Amino acid sequence: MTGWKSPYTDARTRFEHTMAYSPKFSKPVLTARIPSPPFGEFKDRHIVSYDEYVKTGGYQALRKALTMTPEAVVEEVKKSQLRGRGGAGFPTGLKWTFLPKPGPDGSGGQRYLAINADESEPGTFKDRLLMDFDPHLVLEGIAIACYACRIPTAFFYIRGEYHHQAKVLENAIKEAYEHGVFGKQGLMSGSATQNPFNGGKWAVDCYLHRGAGAYICGEETALLEGLEGKRGWPRNKPPFPAIKGLFGKPTIINNVETLAHLPSILDNGSAWFATMGTESSFKGGAPSYGTKLMGVSGHVNRPGVFEFDLGIKLRDLVEQYCGGMRNGKKYKGAIPGGVSMGILGPDQFDAELDFDIGRKYNVLGLGTACPTIFDEDTDMVAVARNISRFFKHESCGQCTPCREGSGWLYQLMSRIEEGGGRTKDLDLALEIATSMGSMPGTTICGLADGNNWAIRTIMNKYWDEFTAKVKPTFVPVRVTVGASA
Amino acid sequence: MAWITKNSAAQKVERRSQPYLTDAMKSDLRARVLPRYENPQGALLPCLHTIQHAYGWVPAQAMLEIAEFLNLKPGDVIDTASFYEEYWLKPKGKHLIQVCRSIACEFCGQREVTQACKDALNIDVGETTDDGQFTLVELECLGSCGTAPAMLVDETLYENVQPANIARVLADHAKKNGHGHGHH
């Protein structure tokens, strides 16, 4: 059962997955069934079975949803202003309304839900917690989303490296089929719903689809290519997936955590959801309501996944809940959520973690809200080198600026780190980064843009470290006297 | 360089008499996997997973068999198979050690972990031991950033890895059966 837990772990310095709570809400929402201090002990964590899930109030929200019309469910999610938890923060309810209108019989025809569990951006490990312990919370969210969008088929795209989580989900999906959440003979198909199609009878299939080690398949259209059995090459947009997606049919792609929010929103209403989280810290920005799983890694005493209201300050997160910086060192910088988001500089420790962090602190965005913290001893040139290696490795090779630019950046960063860099390398690096992903994009997907933001913000915010490592170049000037051949 | 062409059509495919994609695998895939997808190509990743899991790599003959099974062109299969890192198109060791080298792991002690693996096995990254037991690679992000450094041996994830324990971990795995990489 605990396949992921290493007997070789050095538990003295680290916790497995730490979880704390925010003063603003009295009990956790997403992690209600995953015991964490102060609500429970780590040792009591276990995979929540179907029976236990139902006993603790599970699948009530789905039943409630089935008494509403699909449009009412969409409306409720829209009113909650839930923003996608996969990184872009796009409003979930709005995304759903992009689907074509259903026919007069209430059927939307064949359309798909793709669940994005290809969590592979360095620093990001939050969805794993839900898949590790509470898979039915996600499955209930899937069933609600499928009902709201009249989707008959859902594909759960999980990354290839998550072996244990794939087994947990496989088993949970089997349980859900046995108990009639999914499938043709189920409880849901037996109960009269407000969906006029097929006399109110309604059935959803949910399948697990394992990826095979490609970061780019977390990009929504590349994910669809992976589901179709092709190379994970992102598609040009438009057409957007909601119009023409998987196998050419309308498709909605949602993150695991986004879907896990749906049951509680349906249970408690959109007004309740807006009591958590925060209005935008940026004047005129859209609010960031609700709680968020935040996976803290790097040089802190107690890294792990925490559930917090959006809008918590990075400093509070680190100092109050992560036990402060490791070995009493000072904070130097942090990546807000996945390496493509850029970096928060030494003077930005007080940044509020909400979806508008980007506009206020000169980073690309909140991303997955999984900060990686660096202490004062960290070599930021090495950080830039590591990140550029990641992007070079994961670039799918379709677009020239990304394929070539990521390789060039990695070579430049390696050279600077090794001490062989020249002053003009810095300008060259910035020029390449900017040419890779300045808006409007020069590439099909956002990978190059992420690479650009990461390298550019690190260089700009730690410029002195870079200039200290490079040497000025003296170009020998040859003067030819007399006639030359 | 587009003007240099390789005569891939004349490439020899090493063949063995019994198929890699067995009848049992085919009937399982036909019953369980194929109906999920609108067209047979959708089932390509699960088919490749099946082969990868059973043999530890994906031989060319197996790709031809998959192409026939799914009614695809062989080129479609190799096009997909060569993109994804989890599919090994060349044989590897019985056990696969994958050390995470991404941001959190590198700055929380990944280099020492890789070095300890190299020392224990006397190979470099990307190599296989002479007895064919272990292949050592580094990969990007295992999703264990909070418990860095992390490594994956076959399907077992090790977190907060202590370099001193690596020899013991590897000795434990050497006793087990291999080819656990990538279940379907």
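For clarity, every value in this text was computed on a predicted model and none was experimentally measured. (Residues numbered from 1 in each chain as written. Chains lettered and ligands numbered in written order. Predicted model: local features only at pLDDT ≥ 70, side-chain atom pairs only at ≥ 80, totals over all residues. Heavy atoms only, no water.)

This part takes up the nonpolar core. Core analysis: the largest hydrophobic core is formed by 79 residues, its most contacted members being A:Ile387, A:Ile458, A:Phe466, B:Ile51, B:Ile66 and B:Tyr84. Considering every element that reaches this core, the biggest residue donor is helix H14 (residues 380-394) of chain A, with 8 residues. Residues within four places of A:Phe466 in sequence aside, it is in contact with A:Met380, A:Val381, A:Ala384, A:Met413, A:Ile416, A:Leu426, A:Ile458 and A:Met459. Core analysis: the second largest hydrophobic core is formed by 78 residues, A:Phe156, A:Leu208, A:Leu293 and B:Cys108 among them. (Core = buried A, V, L, I, M, F, W, Y, C linked by side-chain atoms within 4.5 Å. Buried < 20%, exposed > 50% of the residue type's maximum accessible area, 1.4 Å probe, protein only. Helix = DSSP H or I, 4+ residues; strand = E, 2+ residues; numbered from the N terminus. Contact = heavy atoms within 4.5 Å.)

To continue, consider the state of the cysteines. For the structure shown, the criterion picks out 0 disulfides over all chains. Just so you know, A:Cys149 is unpaired, no disulfide at all, and the nearest cysteine sulfur is the one on A:Cys146, 7.7 Å from it. As a non-bridged cysteine, B:Cys105 has B:Cys100 as the owner of its nearest cysteine sulfur, 3.5 Å distant. (Disulfide = S-S within 2.5 Å.)

This next bit is on the pairing of strand S4 (residues 251-255) of chain A. Residue and element names in this part refer to chain A. Of all 5 residues in S4, 5 are buried, a share of seventy percent or more. Of the two faces of S4, the one lined by Thr-251, Ile-253 and Asn-255 and the one lined by Ile-252 and Asn-254 are each fully buried. By the bridge criterion, 5 bridges tie strand S1 (residues 112-117) to S4 in an arrangement that is parallel. Bridged to Tyr-112 within S4 is Thr-251. (Pairing = 2+ DSSP bridges.)

Turning our eyes to something else, we now look at helix H16 (residues 423-437) of chain A. All names here are of chain A. Residues of H16 that are buried include every one of Asp-425, Leu-426, Ala-429, Leu-430, Ile-432, Ala-433, Met-436 and Gly-437, and no others. Across the axial projection of H16, the buried residues extend over an arc of 165 degrees, all falling on one side. The exposed set on the far side of H16, more than 90 degrees from its buried face, consists of Asp-427 and Glu-431. Those residues of H16 that are buried lie in contact with helix H15 (400-418), helix H17 (447-461) and helix H18 (463-469). (Arc of directions from axis to C-beta.)

Next up on the list: the domain arrangement of chain B. When the parts of a complex come together, some accessible area is lost, and that lost area is often taken as the interface size. By the assigned domains, chain B splits into domain 1 (14-83) and domain 2 (95-176). Summarising the inter-unit geometry, the C-alpha centres of domain 1 of chain B and domain 2 of chain B are found 29 Å apart. (Domains from an automatic or database assignment.)

With that settled, consider the layout of surface pockets. Residues and elements named next belong to chain B. Counted as a void, the second largest pocket has a volume near 590 Å³. What lines the second largest pocket is a set of 22 residues, among which Val-13, Pro-59, Ala-60, Gln-61 and Met-63 lie closest to the centre. Looking at the lining of the second largest pocket, the element that brings in the most residues is helix H3 (residues 60-70), giving 4 residues. Here the residues of the lining of the second largest pocket sort into 13 nonpolar, 4 polar and 5 charged. (1 Å grid on protein atoms, 1.4 Å probe; cavity = no way out; pocket = protein on both sides within 12 Å on 5 of 7 lines; lining within 4 Å. Points joined across faces, edges and corners; volume = space filled by probe spheres on them. Nonpolar A, V, L, I, M, F, W, Y, C, P; charged D, E, K, R; others polar.)

So, about the interface of chain A and chain B. Of the residues lining the interface, 72 residues belong to chain A; the matching set on chain B comes to 52 residues. Roughly 4900 Å² is buried in total at the junction of chain A and chain B, and carbon and sulfur atoms are behind 51% of that figure. Here A:Arg210 ties to B:Glu86 by a salt bridge, and the two come within 3.9 Å at their closest N and O atoms. Of all the secondary-structure elements, those providing two or more residues to the side of chain A that touches chain B are strand S2 (153-158), helix H7 (163-178), strand S3 (205-210), helix H9 (220-227), strand S7 (291-298), strand S10 (372-375) and H14 of chain A. The dominant element in the side of chain A that touches chain B, judged by the number of residues it contributes, is H14(A), at 9 residues. Taken together, the residues that form the side of chain A that touches chain B break down as 30 nonpolar, 23 polar and 19 charged. (Buried area = accessible area lost by both parts, 1.4 Å probe. Salt bridge = Lys/Arg side-chain N within 4 Å of Asp/Glu carboxyl O.)

As a further point, take unusual backbone geometry. Negative phi values dominate among residues other than glycine, just as trans dominates among peptide bonds. Cis rather than trans, the peptide bond between A:Lys237 and A:Pro238 has omega equal to -5 degrees. Along the polypeptide, A:Pro238 turns up in the loop between H9 and S4. Looking along the chain, the bond that leaves B:Ala148 and enters B:Pro149 is cis, with omega of -5 degrees. Tracing the sequence through the fold places B:Pro149 in the loop between strand S2 (134-139) and strand S3 (151-153).

Before going further, it helps to spend a moment on a nonpolar patch on the surface. A cluster of nonpolar side chains, contributed by A:Phe90, A:Leu94 and A:Phe98, occupies part of the molecular surface with about 250 Å² of accessible area. Along the chain, the position of A:Leu94 falls in helix H4 (residues 92-97). (Patch = residues over 30% accessible without salt bridge, like charges linked within 9 Å, V, L, I, M, F, W, Y side chains within 5 Å. Areas by Shrake-Rupley, 256 points an atom, 1.4 Å probe, with all protein chains shown as cover.)

Turning our eyes to something else, we now look at the pattern of salt bridges. Taken as a whole and assessed by the stated rule, the structure comprises 36 salt bridges over all chains. Put simply, B:Glu106 and A:Arg385 hold a salt bridge, and the shortest N to O gap is 2.7 Å. Pair noted here: B:Glu106 is in helix H5 (residues 103-106) and A:Arg385 is in helix H14, and the two residues belong to different chains. Comparing B:Glu106 with A:Arg385 shows no difference in burial state: the two are buried. Here A:Arg389 and B:Glu140 are joined by a salt bridge, their closest N and O atoms 4.0 Å apart. Linking A:Arg389 in helix H14 with B:Glu140 in the loop between S2 and S3, this pair reaches from one chain into another.

Here we come to the packing of H14(A) against H17(A). Residues and elements named next belong to chain A. One can describe the packing of H14 onto H17 by two numbers: an axis separation of 10 Å at closest approach and a directional angle of 170 degrees. Looking at the two axes, H14 sits roughly antiparallel to H17. When H14 is examined against H17, the residues Met-380, Val-383, Ala-384, Ile-387, Ser-388, Phe-391 and Glu-394 are found in contact with a partner set consisting of Leu-447, Gly-450, Asn-451, Ala-454, Ile-455 and Ile-458. Taken together, the residues that form the contact of H14 with H17 break down as 9 nonpolar, 3 polar and 1 charged. (Axes fitted to C-alpha atoms, helices over the stretch in contact; angles between N-to-C directions. Parallel < 35°, antiparallel > 145°, perpendicular 65-115°, else oblique.)

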